[in-house]
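Single-letter residue listing:
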Amino acid sequence: LPAVTSPCKILKCNSEFWAATSGSHHLGTEEAPEFCTALRAYAHCTRRTARTCRGDLAYHSAVHGIDDLMEQHNCSKDGPTSQPRLRTLPPGDSQERSDSPEICHYEKSFHKHSAAPNYTHCGLFGDPHLRTFTDTFQTCKVQGAWPLIDNNYLNVQVTNTPVLPGSTATATSKLTIIFKSFQECVDQKVYQAEMDELPAAFADGSKNGGDKHGANSLKITEKVSGQHIEIQAKYIGTTIVVRQVGRYLTFAVRMPEEVVNAVEDRDSQGLYLCLRGCPLNQQIDFQTVRSAQATEGRARRKGPSLSAPPQAFTYETATAKCREKLPVEDLYFQSCVFDLLTTGDVNFMLAAYYAFEDVKMLHSNKDKLHLYERTRDLAPGNTAPSGTSPALWVALLCLSQCWLGLL
C-alpha cells in the first residue's frame with residue numbers, strides 16, 4: 001500500500017534541529033550564538049507547520065521546548081535564522097559510525113564499565129492500577145490525560161476515560177509515546193494507540209527509527225494483530241509492551257535506572273506517574289473498598305454518592321473467576337476482583353492476567369514479581385518490613401489490642 005504522509009511536518013523540524021545541534025551540550029559559551037541561530041530556525045520551521053499540526057502532541061511539545069531552550073541560553077527571538085547545518089562525521093570515521101554498534105546499543109556499551117545496568121519496571125492496567133518503577137502498587141482515578149514517563153529520551157502519556165456512564169471507574173483509552181531523536185541512532189518517532197486501534201507502526205507509517213545509521217535500534221513488532229505490540233528501543237535499553245484487552249489498553253515497560261532518572265529537573269517531574277506515583281488525592285485504597293464488597297456483597301466505588309455498578313459478579317463469583325487465571329492472591333488478583341465487581345466486564349480479569357505476564361517477562365528481579373498488602377503509600381517511618389505476611393501483621397495488631405485491653 002502507498003505510504004500515508006501526514007501534512008504535519010514537525011518531525012522534519014525536529015530532525016533538522018537535532019542534526020544541527022547534536023553534541024551541542026558540549027559547546028562552549030563562544031558557540032552559543034550558533035545554537036541560538038539553530039533554535040530560531042527551529043522556531044521558524046514550527047510556525048510554518050503550525051496550521052497542519054494543530055492538536056499534535058509532538059508539535060506542542062516542540063513549541064514549549066523551544067521556548068524553554070531560548071530562555072535557558074538567553075537567546076533573542078530576533079536574529080539570523082539560517083538553515084540548520086548538518087553535522088559531518090570526522091574523516092575516516094564514517095564506517096565505524098555507520099554501524100554504531102555501541103552508540104545505538106545500550107547494553108553493548110557497558111562492556112567498558114564495571115557493573116551491568118540495573119533495570120526497573122512500570123505497568124498500568126485495568127481500572128487503572130499502577131505499578132511504579134519502585135514497585136509501589138496503586139489504584140488511581142486519574143481521569144483524562146496524564147504523563148506516565150517524561151525524561152530526556154521519551155515521553156509517554158495516557159488518557160483514561162469512564163468505563164460506564166455516570167461512573168468514575170476509568171480505564172486507558174489512548175496512549176501516546178514520543179521517542180526523541182538520539183545522536184546517529186534514531187529520528188524522533190511518535191506512536192499512538194486508541195480503543196479498537198492498536199497499530200503496528202509509528203504515526204508516520206514506519207516500523208523503525210527512520211533514516212539514521214542506527215535506525216534498527218528502535219523497532220516495532222506485532223505479536224498478535226490488533227491485540228499486542230512490542231517496541232524495542234535498544235539504544236536506551238528499553239522494552240515497551242502495549243496490549244488491547246477488550247476495549248481498553250495496558251502498558252508495561254522495562255527501562256534502565258539511568259534512563260528512568262535522566263531528567264533535566266527532578267522537581268518538575270511531579271506528575272511523572274511511573275516515577276512518582278499518582279498524587280495522593282487521586283489514589284484509592286481499594287483494600288477498604290474490597291472489604292465492603294466482601295461483607296456487603298456489592299461494590300462501592302470512590303465515594304458513597306455513586307450508584308451501584310452492574311451486578312454481573314458477586315464477591316464469590318468474582319473471586320472464583322480471578323482465581324482461574326491468577327492463582328496467587330496478590331495485588332494483581334485483588335485488582336482483578338475489584339475490577340470485576342466495579343465494571344462487570346470479564347476483560348478486566350484478562351487485563352490483570354496479562355499485566356502479570358508482562359511483569360514476569362520484564363521485571364529483572366524474579367523475587368519481586370508478586371506484590372502484597374497495601375495500595376496506598378504509608379507515611380515515612382510507617383512502612384511495613386518487607387517479607388512480612390499480611391496474616392502476621394493482622395495477628396500482631398490483634399495481639400497489641402489485647403494487651404491494651406488488659407492494661
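Numbers given for residues are sequential positions, taken from 1 along each chain in its written order. In keeping with the model being predicted, local features are shown solely for residues with a pLDDT of at least 70 and side-chain atom pairs are shown and tallied solely at 80 or more, while totals for entire chains, interfaces and linings include all residues. Side-chain descriptors were evaluated using all non-hydrogen atoms of the structure, hydrogens and water having been removed beforehand.

The name given to the protein chain in an unreviewed UniProt entry is RGMA protein, with the source organism recorded as Rynchops niger. UniProt positions are given in the numbering used here, feature names are shortened, and annotations may be inferred rather than shown by experiment. Checking UniProt for the protein chain, the heading Subcellular location (unreviewed entry) contains the comment "Cell membrane".

### Examining unusual backbone geometry
At Asp-135, a position not held by glycine, the phi torsion is positive, near 65°. Position of Asp-135 relative to the elements: it lies in the loop between strand S2 (129-131) and strand S3 (137-140). Phi at Gln-183 takes a positive value of approximately 40°, unusual for a residue other than glycine. Numbering of helices and strands starts at the N terminus; helices are DSSP runs of H or I of at least 4 residues and strands are runs of E of at least 2.

### Description of the pairing of strand S8 (residues 218-224)
If a strand is regular, its side chains alternate between the two faces of the sheet. Pairing of S8 with strand S9 (residues 228-233), which is carried by 6 bridges, proceeds in the antiparallel orientation. Opposite Leu-218, over in S9, you have Ala-233 as the bridge partner. By this definition, two strands are paired if DSSP reports at least two bridges between them. What sits between the antiparallel neighbours S8 and S9 is a turn of 3 residues, in which Gly-226 has the positive phi angle 75°.

### Here we look at the sheet that holds S3
In spatial order, the strands read S8-S9-S10-S11-S1-S2-S3-S12; together these 8 strands make up an open sheet with antiparallel pairing. Of all strands in the sheet, those with a lone pairing partner are S8 and strand S12 (283-284), marking the two edges. Pairing analysis gives 7 bridges linking strand S10 (residues 238-245) to strand S11 (residues 248-256), with the strands arranged antiparallel. What sits directly across from Ile-240, in S11, is Val-253. For this analysis, residues touch if any pair of their heavy atoms sits within 4.5 Å. Axis definition: a line fitted to C-alpha atoms, over the contacting stretch in the case of helices. Angles run 0 to 180 degrees between N-to-C directions. The sheet contacts of helix H10 (residues 347-362) involve strand S1 (119-125), S2, S9, S10 and S11, and relative to S10 the element is tilted by about 165°.

### What to know about the side chain of Thr-170
Residue position: Thr-170 is located in strand S6 (residues 170-179). For every residue, the accessible area (1.4 Å probe, protein chains only) is compared with the maximum for its type, and the residue is labelled buried under 20%, exposed over 50%, or partly exposed between those bounds. According to the relative accessible area criterion, Thr-170 is buried, its value standing at 0%. At 2.9 Å, the side chain of Thr-170 and the backbone oxygen of Lys-141 are in polar contact. Whenever two N or O atoms come within 3.5 Å, that pair is a polar contact, provided that in protein one can donate a hydrogen and the other can accept it, and provided that, for residues adjacent in sequence, both atoms are side-chain atoms.

### A look at the pattern of salt bridges
Definition used for salt bridges: Asp or Glu carboxyl oxygen within 4 Å of a side-chain nitrogen of Lys or Arg. By the definition in use, this model includes 6 salt bridges. With a shortest N-O distance of 2.8 Å, Asp-358 and Arg-243 are connected by a salt bridge. You can see Asp-358 sitting in helix H10 and its partner Arg-243 sitting in strand S10, a full 115 residues away along the chain. On the accessibility criterion, Asp-358 (2% relative accessible area) is buried.

### Quick word on the packing of helix H8 (residues 315-325) against helix H9 (residues 331-343)
At a closest axis distance of 9 Å, the pairing of H8 and H9 adopts a crossing angle of 135°. By the angle between their axes, H8 is oblique relative to H9. Of the two possible hands of crossing, H8 and H9 adopt the one that is right-handed. For the pair formed by H8 and H9, the contact residues are Tyr-315, Ala-318, Thr-319, Lys-321, Cys-322 and Arg-323 on the first element and Phe-333, Cys-336, Val-337, Leu-340 and Leu-341 on the second. Residue classes in the contact of H8 with H9 are distributed as 8 nonpolar, 1 polar and 2 charged. An angle below 35 degrees is treated as roughly parallel, one above 145 as roughly antiparallel, one from 65 to 115 as roughly perpendicular, and anything else as oblique. Rotating anticlockwise by less than a right angle from the far helix to the near helix defines a left-handed crossing, while the corresponding clockwise rotation defines a right-handed one. All amino acids are sorted into three groups, where Ala, Val, Leu, Ile, Met, Phe, Trp, Tyr, Cys and Pro are nonpolar, Asp, Glu, Lys and Arg are charged, and the leftover types, Gly among them, are polar.

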